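Each chain, letter by letter, is given below.
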Amino acid sequence: MKKEEKKLTAAELPAGGILEAGTAQNFKTGSWRSLRPVWNKDKCIHCLTCWIYCPDSAIKIAPDEKKTTVVTGIDYDFCKGCGICARECPDKIKAITMEEEKK
Amino acid sequence: MVKAIYPKGKIVAKTGNEVMAEAMRQISPDVVAAYPITPATEIVQIFSQFVADGKVPTEYVAVESEHSAMSATIGASVAGARAMTGTSSQGLALMWEMLYIAAGLRLPIVMAEVNRALSAPINIHGDQSDTMGARDAGWIQIYSENSQESYDNMIQAVKIAEKAKLPTMVTTDGFIISHCMEVVEVYPDEDVKAFVGEYKPERALLDYKKPFTLGAIELQDYYFEHRWQLAEGMRNAKQIVLDVAKEFKNKFGREYGFYEKYKMDDAEVAIVTIGSAAGTTKFVIDELREKGIKAGLIKIRVYRPFPADEIAKDLAKVKAFAVLDRADSCSGNFAPVYLDVVSALFANGINIKSENYVYGLGGREISTEHIAEVYTKLDKIAKNQVAPSKTVEYINVRIK
Amino acid sequence: MIEVRWHGRGGQGAKTAALLFGEAVLATGKYIQAFPEYGPERMGAPVQSFNRISDHPITIHSGITDPNFVVILDPTLMETVNVVEGIGPEGKVIVNTSFSSEEIAKKLGINKSQVFVVNASQIAQETIGMNIPNTPMLGALVKVIGNLDLNGVLEDTKKKLEVKFRHKPQVIDGNIACIKRAFDEVKNS
């Protein structure tokens, strides 16, 4: 069971509803997933279409040895399993497939 | 003989609008965004002339509506600027949703507001319907009896707003004060600047080294806490208002508080009112005192936050009082200021005979005779000769 | 406290006269108010403006209904507006006219002793070259009120005009001459 989140009191909250930047990083939405994208490294042509479309910035990228940006995997901490990456992956390639999430 | 109270003060003849613009020039905010509307037009017109003439370094944003004026002012304020605007009546009404946002985000915006009737029927003259409608928006409201007070209130408002983290509006009665030339003492630029100090916001969106999010959605789990904070901020603003008034008196010599008491020490009958009619009431009190009627006045200056306990304590000694409202709430019940005053008394266990009058809508004349009639009736109520009416009474309106 | 009502037509400077007069009287050390009546602000429409003068701070902010002095910039207003409203038996009326006090008093139905006349239009024409009767009427008012310092008023008015008409010095001199002449020429006969 997940622990109940501690809610701040009015005395603890900053006035005016200020939220520090980057707090989404602390909020792991990966547990919401019922379907899981599986990335096939060998089929991938690194067109980065999936990276552009992913609404949760859950496609991991990095420069390779030639300093070209390539896909390196999927960030399952934040991927909600929406399947947009699998759908947008070019038809001739289909390097991402959605599979049942096993828990 | 007219004399300055502050040794370096200068006596001038100016209208309410002229001195409000003068105060804005001296305060020298970073940004002013405004749209002109009668009778507040001159404030921003004169101020924009100051900008054009290089007399003030403010960034003046000419917008296409009051909704945008308030939006731009909010934008400037969250960016970290000292931001001001000015409006009246329909303009304030068009700002409505943004007023609540300014308060909810706790932005110390200062607004020069000239009280004018709301349409329909269309009318450009003075009454307080516009700001009374905004009384629950989370803005501090400071009303002025005359031009001097509007000038002094503008200067104090900047400090109050920034300390309380609450937007603040300073008002004058449309035309009656905004367009009336009166004797005003103005202070040197450098002394006003020293008094208001430099604005150093704790957080500013333009501070990219410490980024943050503002105005995010908050649902059932957090919204209420932030609204409680806002209400608590308003309660805490009471002490800030008094602190700034004390500092102002120490510097410039004029005394301000939540309200002004006029001949209340031994008063048996009292009027509670707001704005320019208070001055006329003082004139009537002086005449009535000569006839032996112990009349007094409480002129509310700070309506939000409402000084409930203080007013209850000061009214406790009178035998009968009347609240004169320059706005009707069209509620089937009483008008706004009366409701605040009687709830303050009730909560303090005080029961005094009272009346509520609505007067002066759309700039309708309120004469010394009208006010004297109210005192005459109060005197009879105090002596148990007549019973107070249990409904709103109206002054100087043709009903039948 | 002294209360003054100005009657003019939109464009004749009734408001400006009240403001100039207010500022000038403040310069002599008295408390003042000056305010126009806002209504149909159209060229030619009857308009009013007001002054209060006192040795003590003025708190009253209601309209002026029983003035001590009434200044009539345009004599044709006497036909259409009740210019003597509320003046009582002591009130004084100052009219820009070529008629005598007696003739005007008869027309207005008040005592001759209450009526002061000055040909302000002619004075303005001869000194400024235009029929703008407001500044000469200011001089006439100072004279009729009696206890005001003319030199103080002239000095302050000159200062104000110097700001407004810094490129037209002849307008400033003309206006000052106007005030002086009307002060000397206003009469109750």
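Residues numbered from 1 in each chain as written. Chains lettered and ligands numbered in written order. Predicted model: local features only at pLDDT ≥ 70, side-chain atom pairs only at ≥ 80, totals over all residues.

## Considering the interface of chain B and chain A
Here is step 1: Taken together, the contacts link 17 residues of chain B with 11 residues of chain A.
Here is step 2: Elements with a minimum of two residues in the side of chain B that touches chain A: strand E9 (212-213) and helix H9 (223-252) of chain B.
Here is step 3: For the side of chain B that touches chain A, the class distribution of residues is 6 nonpolar, 5 polar and 6 charged.
Here is step 4: In terms of strand pairing, strand E1 (residues 19-20) of chain A meets E9 of chain B through 2 bridges, oriented antiparallel. Across the sheet, the residue bridging to Glu20 of chain A is Phe212 of chain B, located in E9 of chain B. (Contact = placed C-beta atoms within 7 Å. Helix = DSSP H or I, 4+ residues; strand = E, 2+ residues; numbered from the N terminus. Nonpolar A, V, L, I, M, F, W, Y, C, P; charged D, E, K, R; others polar. Pairing = 2+ DSSP bridges.)

## Here we look at the sheet that holds strand E7 (residues 168-173) of chain B
All names here are of chain B.
Here is step 1: Across the sheet, which stays open at both edges, the 7 strands sit in the order E3-E2-E4-E5-E7-E6-E13 with mixed pairing between neighbours. Of all strands in the sheet, those bounded by a partner on one side alone are strand E3 (59-62) and strand E13 (302-304). The sheet shows a mean angle of 20 degrees between the axes of neighbouring strands, taken without regard to direction.
Here is step 2: Here strand E6 (residues 140-143) runs beside E7; their pairing, made up of 4 bridges, is parallel. The partner of Gln141 across the bridge, within E7, is Met169.
Here is step 3: On the sheet, helix H7 (residues 147-164) packs against strand E5 (110-115), E6 and E7 and is oriented at approximately 165 degrees with respect to E7. (Axes fitted to C-alpha atoms, helices over the stretch in contact; angles between N-to-C directions.)

## Examining the sheet that holds strand E15 (residues 353-358) of chain B
Residues and elements named next belong to chain B.
Here is step 1: Read across the open sheet, the 6 strands follow the order E10-E12-E11-E14-E15-E16; overall the sheet is mixed. Unpaired on one side and paired on the other, strand E10 (259-262) and strand E16 (393-394) mark the two borders of the sheet.
Here is step 2: Bridge count for strand E11 (residues 269-273) against strand E12 (residues 295-300) is 5 bridges, and the pairing is parallel. Within E12, the position partnered with Val269 by the bridge is Ala295.
Here is step 3: Contacts from helix H10 (residues 277-290) reach E10, E11, E12 and strand E14 (320-325) within the one sheet, and its direction differs from that of E12 by about 165 degrees.

## As for the nonpolar core
Here is step 1: Within the largest apolar cluster, 177 residues are counted, with the highest numbers of intra-cluster contacts made by Ile94, Ala140 and Leu141 of chain C.
Here is step 2: It is helix H1 (residues 14-27) of chain C that contributes the most residues to this core, 10 residues altogether.
Here is step 3: When residues of this core are assigned to domains, at least three map to each of domain 1 (10-199 + 218-252) and domain 2 (259-394) of chain B.
Here is step 4: Cys50, Ala58, Ile74 and Ala95 of chain A belong to the second largest nonpolar core, which has 11 residues in total. (Core = buried A, V, L, I, M, F, W, Y, C linked by C-beta atoms within 7 Å. Buried ≥ 20, exposed ≤ 12 C-beta atoms within 10 Å, placed from the backbone. Domains from an automatic or database assignment.)

## Thoughts on the interface of chain B and chain C
Here is step 1: Across the boundary between the two partners, chain B contributes 19 residues, which contact 18 residues of chain C.
Here is step 2: Those elements that place two or more of their residues in the side of chain B that touches chain C are strand E8 (181-186) and H10 of chain B.
Here is step 3: If you tally residues by element for the side of chain B that touches chain C, the top one is H10 of chain B, at 4 residues.
Here is step 4: Its residues placed into classes, the side of chain B that touches chain C shows 10 nonpolar, 6 polar and 3 charged.
Here is step 5: Note that E8 of chain B and strand E2 (residues 31-36) of chain C share 2 bridges and pair antiparallel. Of the residues in E2 of chain C, the one forming a bridge with Glu182 of chain B is Gln33 of chain C.

## Looking at unusual backbone geometry
Backbone phi values are negative for most residues with the exception of glycine, while trans is the configuration of most peptide bonds.
Here is step 1: Here the bond from Thr38 of chain B into Pro39 of chain B is cis, since omega is -5 degrees, no more than 30 degrees from zero.
Here is step 2: Turning to its location among the elements, Pro39 of chain B is positioned in the loop between strand E2 (31-34) and helix H2 (41-52).
Here is step 3: You will see that Ser57 of chain A, though not glycine, has its phi angle at about 50 degrees, which is positive.
Here is step 4: Structurally, Ser57 of chain A can be placed in the loop between helix H1 (49-53) and strand E3 (59-63).

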